[in-house]
Amino acid sequence: MPSEATRPAAPAAAPPNLPALLRDTRLRGRAFTHAWSAQVDAWLRESFEANLAAVDGPRPRAALVAVGGYGRGDLCPGSDLDLLIVSGGGADVAALAEATWYPIWDAGMKLGHSVRTPREALSLAADDLDTATSLLAGRHLAGDPTLTAEVVDAAREAWRKRAKRWLAALREAVLTRQERFGDVAFLLEPEIKEGRGGLRDIHSLRWAELARPVLQPGDAALLDEAEDVLLTARVELHRATGRPSDRLTLQDQDTAAASLGIDADALMADVSAAARTVAWVADEAWHRVASAQASGLSLLGWRSRDRAPGLVVRDGEVHLEPSVDPAVAPVALLDVAVLAASKRARPARETLQRLVERAPALSDPWPPAARDRFVELLRRGHDAMPVIEALDQTGLWLRLLPEWEPVRNRPQRTAYHRFTVDRHLLEASANAAALADRVSRPDLLVVGALLHDIGKGRPGDHTEVGMRLITTMATRIGFPPEDVAVLVDLVKLHLLLPEVATRRDLSDDATIEGVAAAVGDPERLALLAALTEADSLATGPAAWGTWKADLVRDLVRKVDQVLLGASANVFADHHDFPDSSHRALLAAGETVVRGTGDTLLLVAPDRSGLLSRAAGALALHGLDVLAADAYAESGMAVERFRVVAQLRTPIAWGRVESDVTRAVAGRLAVAARLADRARTYARRPRPGLAPPAVVFDDAASNTATVVEVHAPDSIGLLYRVTRAIAELDLDLRTAKVQTLGDQVVDAFYLTHADGSLLTDPQLRAELERAIVHAVARTSNPGH
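Okay, so let's go over this structure.

### Describing the overall build of the chain
Item 1. Helix and strand counts for the chain stand at 31 helices and 16 strands.
Item 2. Each principal axis of the C-alpha atoms in the chain carries an extent, and together these give about 100 × 75 × 45 Å.
Item 3. Relative to its full complement of 783 residues, the chain shows a buried share of 55%.
Item 4. Summed over all atoms, the accessible surface of the chain reaches about 32,600 Å², with 51% contributed by carbon and sulfur.
Item 5. Between the mean site of the 90 positive side-chain charges and the mean site of the 106 negative ones, the chain shows a separation of 3 Å.

Take a look at the structure:
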């Protein structure tokens, strides 16, 4: 930016009134961007012409050109103004440029600006993709229109002449960007401009179309419809936040949706549907670009000669030959899908259209060949996903599975889940396909994974609803009754292993016996173990890690032995806490605070609230407690904490040990420090979080009363809850802590000091009151 000393006098034209436009909530999406662009056009036109007229001496030959997003007329509230002054030579335009830029900066608007001759602009566009695409949208604003036409027309002609080079570069840029920003359609908090299926993909396809036709008939209209949805979301996001960010965070989704008069689920479902359409059109278009530019594909002309005659793979696409009539070949749809997945090809658009028009609904039950093809498609894992997406976009997937409709594009608005329900199910099934060698019935595994959450999106408990649905669906697909029963159990029990592993004491005989009774046989156990891993991996990065995997593996091993005839008490001699080294430390009677790896060991004189103080000190260092064990004898206590750093950074154990030592000695103001930390790192709680709940599970253990606490995550939550427990003189034997996004489920194994269970209803009521009060004291996230 030029210095203040060289700044010319500002023109008299008043800047456009963005706040007034923002207040007019009738202006949404494209209507807003056009209105805002028109106001800015008028202001800049008046300003530029006035500046031209005010030039001393010969009037310079110059033009003001809107380029990029502004050139398209896509100005959202937070958009930059992309401007180019084209200088035709003669008088210097430096003063004119400064007089043009300064009012824009004064108005608080972000500006992308340049001053170039036609030759300079075209020379840069010849080698720079961003400049080349920016000029494709060039639009004359003021000054000499022949200069604008000279640059923009030449830029478009050069783009067409070098189509092969630019299309290759554009495709590479698209793939790199999509990989960086992820899917708009399926992510919890999508980047609606730069993500896959977002606005930038629409722009890129239009740029490509200017170079060479890449779109199929009807694609342009589909892109226009999707753009309306995405532009509406972007405008409301900017309006609601006052920021130029294009990431729809959980909190901003509620605000943006409210301004549209809908709820956040509806908004995100619309965004997902639009982005899926864009991504599908884009994938096909860039596939055609790559095919056209390749010298030859290994799949060129490959024909299916065995199970599915009449199919040919040509240029990476599966075609149904004219001789095959889908009306009399009911399995043709699945034949096309399986071949496409197996060859990593795409079903050709005309083939999909023929299937839409001619393929009949499958009989009820499906013929065995259809069931076999369906299972084979799912067993192709992630190679099947783009094929299924093509079926979904054309309505063919719903023709196979009409019960899929309520989960389609359905958001899961918790920080624990990263995908929409339908994408989560497809990811889970693809993950399960990779684990098929662990089970005796891989067909039941992949189908069970595909349908384990099919009950979501309907009224009632999704597991119970899903059990009813899968009974109908599996029977229609053609599975015999005994297999249907297994699939129903996979839906019924799909959360059993992860919940027990992370919320229960696996050294407790009752825990192992209870899981064994629920599962019933080793085959179901193996299926559930594989489903648990596939489901967790499809949920999000917080849902599966070494800690959880080890717990589930330990649980499965113990339950499997019981199912094979062993008694649960065979594990009694294998409890690892307290072990002989712990007992030796207890006998020594000295305080020990030692952190190694992900574990803190504390030995100290037994006192009420000892575990609470240590948990508070850990929270001060941003450490999440995953599990805690406690044991006391002869006036000494040993406690073990397994922790993870919230930022996944190495743990500075020296500082942690020092603060834990001070905390347990009563020399650290834990509560006050946690309150300070909560204020520093406070965030608005997400609307719609479930209220706190306290659940007593008397069947989970024979030696302790298990109390589950469900609550929004917050800084120091474990400290406050365990302090509330200590105030009632209860002994905490084990704590299992699980964070599910912005919610936690903590399980506490409690007894009286004499080891007896908590049976007094009045005491239970007081404990529940104390815990709910402790949970409600703050809602600042961070466990």
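### Remarks on a negative patch on the surface
Item 1. Together, Asp606, Asp729, Asp731 and Asp754 make up a region of like negative charge exposed at the surface.
Item 2. Residue position: Asp729 is located in the loop between helix 30 (717–727) and strand 15 (731–740).
Item 3. Exposure remark for Asp729: the relative accessible area of 58% places this residue in the exposed category.

### A look at the nonpolar core
Soluble, globular proteins show a tendency: their nonpolar side chains are buried together.
Item 1. Counting residues in each nonpolar core, the largest one holds 182 residues, and the members touching the most others are Leu44, Phe374, Trp397 and Trp404.
Item 2. For this core, the element with the highest residue contribution is helix 12 (residues 264–293), accounting for 13 residues.
Item 3. Setting aside anything within four residues of it in sequence, one finds Leu44 in contact with Leu64, Tyr70, Leu81, Leu83, Ile104 and Leu141.
Item 4. Formed by 52 residues, the second largest nonpolar core is a distinct cluster that contains Leu600, Leu611, Ile725 and Ala735.

### Observations regarding the sheet that holds strand 14 (residues 705–712)
Item 1. Across the sheet, 8 strands lie side by side as 9-10-12-11-15-16-14-13; this open sheet has antiparallel pairing. Edge positions in the open sheet fall to strand 9 (592–596) and strand 13 (693–697), since each of these has one partner strand only. The sheet shows a mean angle of 15° between the axes of neighbouring strands, direction not considered.
Item 2. Sheet topology note: the strand 13/strand 14 ladder contains 5 bridges and is antiparallel.

### Re the layout of surface pockets
Item 1. The computed volume of the second largest pocket comes to approximately 1,300 Å³.
Item 2. Along the walls of the second largest pocket sit 46 residues, with Gln412, Thr414, His417, Lys456 and His462 positioned nearest its centre.
Item 3. Those elements giving two or more residues to the lining of the second largest pocket turn out to be helix 18 (421–434), helix 20 (462–477), helix 21 (481–492), helix 22 (496–503), helix 24 (522–539), strand 15 and strand 16 (743–751).
Item 4. A per-class count over the lining of the second largest pocket returns 16 nonpolar, 16 polar and 14 charged.

### Topic: helix 14 (residues 349–358)
Item 1. Turning to helix 14, its buried residues number three or more, namely Arg349, Thr351, Leu352 and Leu355. One side of helix 14 carries all its buried residues, which in axial view fall inside an arc of 160°.

### Some points on the packing of aromatic side chains
Item 1. According to the stated counting rule, one finds 5 aromatic pairs in the structure shown.
Item 2. Between Trp366 and Phe374, the ring centres sit 5.4 Å apart and the planes meet at 90°, which makes this aromatic pair edge-to-face. Phe374 shares its class with Trp366; the two are buried.
Item 3. What links up through ring pairs into an aromatic cluster is the set Trp366, Phe374, Trp397 and Trp404.
Item 4. The ring of Trp280 has Arg349 lying over it, and the distance from NZ or CZ to the ring centre is 4.4 Å.
Item 5. A cation sits over an aromatic face here: Arg423 above Phe419, 5.6 Å from the ring centre.

### Comments concerning unusual backbone geometry
Item 1. The amide bond that connects Asp364 to the next residue, Pro365, takes the cis arrangement and shows omega of 0°.
Item 2. Note on placement: Pro365 falls in the loop between helix 14 and helix 15 (368–379).
Item 3. Of note, Ser634 is a non-glycine position whose phi angle comes to about 55°, a positive value.

### A word on the pattern of salt bridges
Item 1. Overall, the coordinates contain 55 salt bridges when judged by the stated rule.
Item 2. The partner of Asp201 in a salt bridge is Arg177, and the shortest N-O contact between them spans 2.6 Å. One end of the pair, Asp201, is in helix 9 (residues 199–211); the other, Arg177, is in helix 8 (residues 163–181), and 24 residues separate them in sequence.
Item 3. Lys456 is paired through a salt bridge with Asp453; the nearest N and O atoms lie 3.4 Å apart.
Item 4. The exposure class assigned to Lys456 is buried, which follows from its relative accessible area of 16%.
Item 5. Taken together, the salt bridges that share partners define one network made up of Arg30, Arg206, Asp224, Glu227 and Asp228.

### A short note on the environment of Asp659
Item 1. Take Asp659: it is sitting in helix 28 (residues 653–664).
Item 2. Looking at Asp659, the relative accessible area reads 15%, which means it is buried.
Item 3. Remark: the alpha-carbon pair of Asp659 and Leu18, spanning 641 residues in sequence, is separated by 52 Å.
Item 4. Only 2.7 Å separates the side chain of Asp659 from the side chain of His621, close enough to count as a polar contact.

Rules used in this analysis
Residues numbered from 1 in each chain as written. Predicted model: local features only at pLDDT ≥ 70, side-chain atom pairs only at ≥ 80, totals over all residues. Heavy atoms only, no water. Helix = DSSP H or I, 4+ residues; strand = E, 2+ residues; numbered from the N terminus. Buried < 20%, exposed > 50% of the residue type's maximum accessible area, 1.4 Å probe, protein only. Areas by Shrake-Rupley, 256 points an atom, 1.4 Å probe, with all protein chains shown as cover. Lys, Arg positive; Asp, Glu negative; His and termini not counted. Charge placed at Lys NZ, Arg CZ, Asp CG, Glu CD. Patch = residues over 30% accessible without salt bridge, like charges linked within 9 Å, V, L, I, M, F, W, Y side chains within 5 Å. Salt bridge = Lys/Arg side-chain N within 4 Å of Asp/Glu carboxyl O. Core = buried A, V, L, I, M, F, W, Y, C linked by side-chain atoms within 4.5 Å. Contact = heavy atoms within 4.5 Å. Pairing = 2+ DSSP bridges. Axes fitted to C-alpha atoms, helices over the stretch in contact; angles between N-to-C directions. 1 Å grid on protein atoms, 1.4 Å probe; cavity = no way out; pocket = protein on both sides within 12 Å on 5 of 7 lines; lining within 4 Å. Points joined across faces, edges and corners; volume = space filled by probe spheres on them. Nonpolar A, V, L, I, M, F, W, Y, C, P; charged D, E, K, R; others polar. Arc of directions from axis to C-beta. Phe/Tyr/Trp six-rings, centres within 6.5 Å; stacked < 30°, edge-to-face > 60°. Lys NZ or Arg CZ within 6 Å of the ring centre and 35° of its normal. Polar contact = N/O pair within 3.5 Å; in protein donor to acceptor, adjacent residues only side chain to side chain.

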